[in-house]
Amino acid sequence: MPLWLTYLLSGLYAATTLGIILVVITDNRNPLKTMPWILILLFLPVAGIVLYFFFGQNLSKVKIISHRTRRRTTTVPEPTGSDAPTVPDNFRPLIRLLRHTANAVPLYGSRITPYTDGASKLRALGDEIARARHHIHLQYYIFSDDDTGRQLQQALIAKAREGVRIRILYDDVGSGSVKRSFFETMRAEGIEVRAFLHVRFPLLTSKVNYRNHRKIAVIDGRVGFFGGMNIADRYVRGTSWGCWRDTHFRVEGSGVLGLQASFLSDWSATTRQRITAPAYYPASVRHTDNLMQIVPSGPLGQWRTLLQGISFVFANAKRRIWIETPYFLPTEGLQNALQTAALGGVEVRLMLPERSDSRIVNLASHSFLDAVIRAGVKVGFYTPGFLHSKLLVVDDSLAVVGSANMDFRSFEHNFEVNAFIYDTAFNARLAKIFHDDWSHCRIVSPAAWFRRPRMLRLAESCMRIFSPLL
């Protein structure tokens, strides 16, 4: 290559890199997210630009979903009269916060059934699909073309032949390895199947970083499911090193309306079809005295709803904060809130998997533990297999459950859906689940933790640099 051409290409690359760095800086992002991208761009020639093109562009200010489409989003019908819930005084600020940031209407009287293994959840979902008469709405980050996925596929085809209207949303990256024929088989039977934020390389590669991580099923508007489980064999059979411990929930009553609204909003954003017929929001039966808010969150809009809501919960906890999460990559504010709670005498327990499905994320997660352990947080590593459960138990009457992990990606980039549930009986039930899981944990000894090998601590610190991008 002629010398002048080498200089020209080098100059163009340097100018491109500098231009991207200036864009990153002037975007006024969190410095914790700005610095990793600057380091990647400086120390990974060519690859850094490619990574930024795929994963680094800040599309929260860009029309990922057009303004016209976003105006079509569906909201839950507001309860009125005798159906309007009475909000306890101690929860009014939190409920008000979630209404302002996510338009999350408080819903009264739902019956909620937890599942802690994939087999029981899939049986329950299959039973409800078999009973469907009007419509089935399914939304999952991962649909796998394996035994579990094909079993669900055949059940849906059978219902479609009975005249049930079926709509499916899947994430185009989470389900990216699935052959097109898997979905085409269902489309041929009249099932409407759409990919959320379809990725067309290379034109729309910037959408790779903004994924729909929600897991929702709604049958006839009367029963709903949500939580952490996708559609794949591993949620039933586990991994090569142990079980797959996860948590999912079945909902009856008014809470189903919140799940329906979340699904139909995403369906509207994907298809530009607005569905508001009364048949999709049937009158609900009051089953219990609990109160819940279905809270969708995502990279669009002014607020980071789940991050703000959970930060508020941590700051106002009085007695206990028990957390199950597969990944612990907290923002600085969230970490400070946990430390402050622990230092103030709140019992804070954090449960993580002993072994993760991602070595890099596991190392980065461990780098955040030094500070919280010093503050008095009790850490347990779940040993029977991979802990994928997302569960938060606070004091005696608040629980937060759903699809979001305790990490940057769930709070900043993904489309998630969680439920804030205000109920003493449900809180006690989840506390028992947590306590059972805790009995299968290796409890971290602070003295032993701080004696772990220096090279391991160095690797953890290096991975921590990139935690906002993981």
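The shown structure was predicted, so the numbers you read here are calculated from the model rather than taken from an experiment.

What counts and how
- Here the residue numbers are simple positions, counted from 1 along each chain's written sequence.
- In keeping with the model being predicted, local features are shown solely for residues with a pLDDT of at least 70 and side-chain atom pairs are shown and tallied solely at 80 or more, while totals for entire chains, interfaces and linings include all residues.
- Side-chain measures here rest on the full set of heavy atoms in the structure, leaving out hydrogens and waters.
- Every helix listed is a DSSP run of H or I at least four residues long, and every strand listed is a run of E at least two residues long, numbered separately from the N terminus.
- By definition in these notes, contact holds between two residues if any of their heavy atoms fall within 4.5 Å.
- Calculation of accessible area relied on Shrake-Rupley with a 1.4 Å probe; when residues are assessed, cover is drawn exclusively from the protein chains displayed.
- Fitted lines through C-alpha atoms give the axes, limited to the stretch in contact for helices. The angle between two N-to-C directions lies from 0 to 180 degrees.
- For this classification, under 35 degrees means roughly parallel, over 145 means roughly antiparallel, 65 to 115 means roughly perpendicular, and everything else is oblique.
- Just so you know the grouping, Ala, Val, Leu, Ile, Met, Phe, Trp, Tyr, Cys and Pro go in nonpolar, Asp, Glu, Lys and Arg go in charged, and all remaining residues, Gly too, go in polar.
- A pair of strands is considered paired only if DSSP assigns at least 2 bridges between the two.
- Put plainly, a pocket is an open set of points on a 1 Å grid over the protein atoms alone with protein on both sides within 12 Å along at least five of seven lines, a cavity is a set where a 1.4 Å probe fits but cannot get out, and a lining residue has an atom within 4 Å of a point.
- Grid points are joined across faces, edges and corners, and a volume is the space filled by probe spheres set on the points.
- Think of it in three bands: with a 1.4 Å probe and only protein chains considered, a residue is buried below 20% of the maximum accessible area for its type, exposed above 50%, and partly exposed in between.
- The crossover handedness rule: strands pointing away from the viewer, path from first strand over the helix to second strand clockwise, crossover right-handed.
- Given a helix with a known number of residues, its expected span is that number minus one, times 1.5 Å.
- The arc in question is the one spanned by the directions pointing from the helix axis to the C-beta atoms.
- Here a polar contact is taken to be a pair of N or O atoms separated by no more than 3.5 Å, where protein atoms must pair a possible hydrogen donor with a possible acceptor and residues adjacent in sequence count only if both atoms sit in side chains.
- Among the buried residues, those of types Ala, Val, Leu, Ile, Met, Phe, Trp, Tyr and Cys that are joined through side-chain atoms within 4.5 Å form a nonpolar core.
- Here, a salt bridge means any Lys or Arg side-chain nitrogen found within 4 Å of an Asp or Glu carboxyl oxygen.
- Within 6.5 Å between ring centres, the rings of Phe, Tyr and Trp (the latter by its six-membered ring) count as paired, and their orientation is classed by plane angle as stacked under 30 degrees, edge-to-face over 60, tilted in between.
- Working rule: Lys NZ or Arg CZ, within 6 Å of ring centre, within 35 degrees of ring normal, means a charge sits over the ring.

Tallying secondary structure elements over the chain gives 18 helices and 20 strands in all. For the chain, restricting intrachain contacts to residue pairs at least 6 apart in sequence, the fraction spanning at least 24 positions comes to 82%. Of the roughly 20300 Å² of accessible surface on the chain, a fraction of 56% belongs to carbon and sulfur atoms.

Contact geometry of helix H13 (residues 359-367) with helix H18 (residues 454-464) gives a least axis separation of 7 Å together with a crossing angle of 100°. Comparing the axis directions of H13 and H18 gives the class roughly perpendicular. Between H13 and H18, the residues in contact are Arg359, Ile360, Leu363, Ala364, His366 and Ser367 and Leu456, Ala459, Glu460, Ser461, Met463 and Arg464, respectively. Among the residues forming the contact of H13 with H18, the class breakdown is 6 nonpolar, 3 polar and 3 charged.

Let us look at the sheet that holds strand S11 (residues 320-324). If you walk across this open sheet you meet the 9 strands as S1-S10-S19-S17-S16-S11-S13-S14-S20, and the pairing is mixed. Edge positions in the open sheet fall to strand S1 (107-108) and strand S20 (441-443), since each of these has one partner strand only. Pairing of strand S14 (residues 378-382) with S20 involves 3 bridges; the strand directions are antiparallel. Looking at the pairing, Tyr382 lines up with Cys441 of S20. Seen against the sheet, helix H11 (residues 305-316) touches strand S10 (291-297), S11, strand S16 (391-394), strand S17 (398-402) and strand S19 (416-422) and runs at an angle of roughly 30° to S19. Sheet strands touched by helix H16 (residues 424-438): S11, strand S13 (347-353), S14, S16, S17, S19 and S20. Its angle to S11, the strand with the most contacts, is close to 60°.

Tallying each qualifying case throughout the model produces 2 cavities of 30 Å³ or more. Considering the residues around the largest cavity, the lining is formed by 14 residues, among which Lys390, Leu391, Ala404, Met406 and Asn418 are closest to the centre. Of all the secondary-structure elements, those providing two or more residues to the lining of the largest cavity are S16 and S17. With 3 residues, S17 is the single largest residue contributor to the lining of the largest cavity. Among the residues making up the lining of the largest cavity, the classes are represented as 8 nonpolar, 4 polar and 2 charged.

Attention shifts here to the pairing of strand S5 (residues 192-196). Of all the 5 residues making up S5, 4 are buried; the element is thus mostly covered by neighbouring parts of the structure. Tracing the backbone out of strand S4 (residues 165-171), into helix H8 (residues 180-187) and back to the parallel element S5 gives a crossover that is right-handed.

The next subject is helix H7 (residues 147-161). Taking 1.5 Å as the rise per residue, H7 with 15 residues should run 21 Å; its terminal C-alpha atoms sit 21 Å apart, in good agreement. By the burial criterion, the buried members of H7 are Thr148, Gly149, Leu152, Gln153, Leu156, Ile157, Lys159 and Ala160. The buried residues of H7 all sit within an arc of 165° when viewed along its axis, so they share a single face. Exposed residues pointing more than 90 degrees away from the buried face of H7 are listed as Gln151 and Arg161. In this fold, the buried residues of H7 make contact with helix H6 (118-131), strand S3 (135-140), S4, H8 and helix H9 (234-237). Capping the start of H7 is the job of one residue whose side-chain oxygen sits 3.2 Å from the backbone nitrogen of Thr148: Asp146. Of the residues one or two after H7, Gly163 is the one with positive phi, at around 100°.

Core analysis: the biggest nonpolar cluster contains 58 residues, and Phe314, Ile321, Phe328, Leu369, Leu392, Phe420 and Tyr422 have the highest contact counts within it. Sequence-distant contacts of Leu369, that is, excluding residues within four places in its chain, are made with Phe328, Leu350, Leu352, Val379, Phe381 and Trp449.

Let us look at the environment of Leu456. Examined against the element boundaries, Leu456 turns out to sit in helix H18. Separated by 90 residues in sequence, Leu456 and His366 place their C-alpha atoms 9.9 Å apart. Excluding residues within four positions of it along the chain, Leu456 makes contact with Arg359 and Leu363.

The next subject is the pattern of salt bridges. Applying the stated criterion to the full structure yields 27 salt bridges. When the shortest N-O distance is used, the salt bridge between Arg187 and Glu184 registers 2.9 Å. Here Arg187 pairs with Glu184, and both are found in helix H8, just 3 residues apart, close to one helical turn. For Arg187, a relative accessible area of 30% translates into the label partly exposed. Of the residues examined, Glu184 reaches a relative accessible area of 36% and is grouped as partly exposed. What emerges from the salt-bridge pattern is a single network uniting Arg111, Glu128, Arg131, Asp220, Arg222, Arg250 and Glu252.

A few words now on unusual backbone geometry. With phi around 50°, Asn103 is a residue other than glycine that occupies positive phi space. Here Asn103 is to be found in the loop between helix H5 (92-102) and S1. Not every positive phi belongs to a glycine, and Asp395 is a case in point at roughly 50°. Among the residues examined, Asp395 registers a relative accessible area of 17% and is labelled buried.

Its location among the elements puts Pro330 in the loop between strand S12 (328-329) and helix H12 (332-343). Overall, Pro330 belongs to the buried group, its relative accessible area being 2%. For Pro330 and Ser365, which are 35 residues apart along the polypeptide, the C-alpha to C-alpha distance reads 8.6 Å.

Counting across every chain of the model gives 17 aromatic pairs. For the pair Phe328 and Phe368, a centre-to-centre distance of 6.5 Å together with 80° between the ring planes defines the contact as edge-to-face. Pair noted here: Phe328 is in strand S12 and Phe368 is in the loop between H13 and helix H14 (369-374), with a separation of 40 residues, a long-range link. In this structure, Phe328 and Phe368 share a single accessibility class: buried. Here the aromatic residues Tyr140, Phe143, Tyr170, Phe182 and Phe183 are joined through ring pairs into a cluster of three or more. The ring of Trp322 has Arg320 lying over it, and the distance from NZ or CZ to the ring centre is 4.6 Å.

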